[in-house]
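Each chain, written out:
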Amino acid sequence: MLTSISLRRLTHLMLLSILTVILVSACNTTNDTSITSYKQPVEDCRIVQHVMGSTCIPRNPQRVVTLRQDTLANSLALGIRPIAAAYVPGFPLPRYLQGKVDQVESVGGLNSPDIEKILRLKPDLIISSSGLKGIYKQLSYIAPTVVLNIPFPPPTWKEQLEELATVLGKQEVNKQLMDEYWQRVENLKQALGNRLKTVEVSIANTSSEYGIWSYGEKHFSGSVLQDISLQRPKSQRRDIFYIENISKEKIFDIDGDVLFFVSWEREDDKKTLEKLKQSPLWSQLEVFQKNKVYFVGGHWHSSDIFAINAILDDLEKYLVNTP
């Protein structure tokens, strides 16, 4: 039989063991605990369906965090100014966004946003994307989180803008933006006239990592050319996003009557482009010999409405107003 002293000692040891387990567990707890213990209250909200289910989001969100740069830009166009966003790591801010996002904080890169910083910002709405499904639970503990459906290849730029407008309750603003877009398209059609049937417009790019590639009809910029009814070189008349890994020996695939060549701002990419321009094959392109190569910014690569309008600006500048 256990004596009273032994019983007290056994009870003491058991309590000590339990306390030790609690302390160890507390020490091993990651930042997820602080995140799961924080929950932004939502009183006046509306249900929004998205790829991860349904979420009740504020009717008039004031502290929005977006985890894609194009979502940031589209939010601004729709009349919502996010407090923070994830940006493309290693790339300077596109020129067409400069001056528009000065007060928007960075929460890291597209693939690895800083969850702790998002928590400290106390957002009332987080707009994520399907590429970040793995952290959806953590984000949804911080604030109501909507996951936009943007796989690869992504939806059209029109679909992306429409989905975001639906999430933000800005369908009327979206309609106005689209009406303005179609009016600009019609104006370009009228200005180009019969040239629409004869001028082949090529879009290409190069970078230090991926060499030369061109843009198919499914790409955002390609769809703009389709809306205007501009012709494309034979190699780009395909319902695909990119035509990748074009060797220098096949550089003639990017030839056309006009070539819009996307030029990045990174130093390595600038050097890669300069090497390409020094290649004897480059000088053999008919479009180069006709002096119809136009070096344009990264907006030809992007999907937000500001970028799309910047593409229309270039088309008007180089196809209509340039002799």
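Bear in mind that the values here come from a model prediction, so they are computed numbers and not experimental data.

Chemist: How would you explain the environment of P280 if you had to name every residue and give the values?
Modeler: Structurally, the position occupied by P280 is in helix α10 (residues 280-283). Along the primary structure P280 and K248 are separated by 32 residues, whereas in three dimensions their C-alpha atoms are 9.8 Å apart.

Chemist: Go over the nonpolar core, please, and point to the residues and values.
Modeler: Grouped together as the largest cluster of nonpolar side chains are 50 residues, with contacts concentrated most on V224, I228, L230, F260 and L315. The greatest single-element share of this core, amounting to 7 residues, is contributed by helix α12 (residues 305-320). Filtering out sequence-adjacent residues up to four positions away, F260 remains in contact with V201, S202, I203, A204, Y294, V296, W300, D314, L315, Y318 and L319. Judged by nonpolar contacts, the second largest core, of 16 residues, contains V107, I115, I118 and L121.

Chemist: Which residues make up the state of the cysteines, and what values do they have?
Modeler: This model, assessed by the stated rule, comprises 1 disulfide. Between the sulfur atoms of C45 and its disulfide mate C56 the distance is 1.9 Å. Residues C45 and C56 are joined by a disulfide whose S-S torsion is about 90°; by sign, that bridge is right-handed. Remark: C56 occurs in strand β2 (residues 53-58) and C45 occurs in strand β1 (residues 45-50); sequence separation between them is 11 residues. Accessibility expressed as a relative area gives 18% for C45, which makes it buried.

Chemist: Tell me what's going on with the packing of helix α7 (residues 171-192) against helix α8 (residues 220-228), and back it up with residues and numbers.
Modeler: Running from amino to carboxyl end, α7 crosses α8 at an angle of 60°, the nearest separation of the two axes being 9 Å. The angle between α7 and α8 places the two elements in the oblique class. Contact residues: Y181, W182, V185, L188, K189 and L192 in α7; V224, D227 and I228 in α8.

Chemist: With reference to specific residues and values, describe the layout of surface pockets.
Modeler: Its boundaries defined by the atoms lining it, the largest pocket holds a volume of some 1,600 Å³. Secondary structure elements with two or more residues in the lining of the largest pocket: α3 (69-77), β9 (211-215), β10 (242-246) and α9 (267-278). A breakdown of the residues in the lining of the largest pocket according to their chemical character gives 25 nonpolar, 13 polar and 10 charged.

Chemist: I'd love a proper account of the sheet that holds strand β8 (residues 201-207), names of residues and values included.
Modeler: Sheet strands pair via backbone hydrogen bonds, and the direction of the pair is either parallel or antiparallel. Read across the open sheet, the 5 strands follow the order β10-β9-β8-β11-β12; overall the sheet is mixed. Looking at strand neighbours, the two that pair on one side only are β10 and β12 (293-296), the edges of this open sheet. Each strand of the sheet is rotated relative to its neighbour by a mean of 25°, with strand direction disregarded. Of the pairings in the sheet, the one linking β8 to β9 comprises 4 bridges and is antiparallel in character. Its bridge partner lying in β9, T206 is registered against I212. Packing of α9 onto the sheet brings it into contact with β8, β9, β11 (258-262) and β12, and relative to β8 it is tilted by some 120°. Contacts from α12 reach β8, β11 and β12 within the one sheet, and its direction differs from that of β11 by about 145°.

Chemist: Residue-level account of the pairing of strand β4 (residues 84-87), with values.
Modeler: A regular strand places its side chains on the two faces of the sheet in alternate fashion. Residues A84 and A86 of β4 are buried on one face, and the alternating residues A85 and Y87, pointing to the opposite face, are buried as well. Across 2 bridges, strand β3 (residues 64-66) lies against β4 in parallel orientation. Looking at β4, one finds that V65 is bridged to A84. With respect to chirality, the unit in which β3 leads through α3 into the neighbouring parallel β4 is right-handed. In this sheet, strand β5 (residues 105-109) lies alongside β4 in parallel orientation, the contact comprising 3 bridges. Considered in β5, the bridge of A85 is made with S106.

Calculation notes
Residues numbered from 1 in each chain as written. Predicted model: local features only at pLDDT ≥ 70, side-chain atom pairs only at ≥ 80, totals over all residues. Heavy atoms only, no water. Helix = DSSP H or I, 4+ residues; strand = E, 2+ residues; numbered from the N terminus. Core = buried A, V, L, I, M, F, W, Y, C linked by side-chain atoms within 4.5 Å. Buried < 20%, exposed > 50% of the residue type's maximum accessible area, 1.4 Å probe, protein only. Contact = heavy atoms within 4.5 Å. Disulfide = S-S within 2.5 Å. Axes fitted to C-alpha atoms, helices over the stretch in contact; angles between N-to-C directions. Parallel < 35°, antiparallel > 145°, perpendicular 65-115°, else oblique. 1 Å grid on protein atoms, 1.4 Å probe; cavity = no way out; pocket = protein on both sides within 12 Å on 5 of 7 lines; lining within 4 Å. Points joined across faces, edges and corners; volume = space filled by probe spheres on them. Nonpolar A, V, L, I, M, F, W, Y, C, P; charged D, E, K, R; others polar. Pairing = 2+ DSSP bridges. Right-handed = clockwise from strand over helix to strand, strands pointing away.

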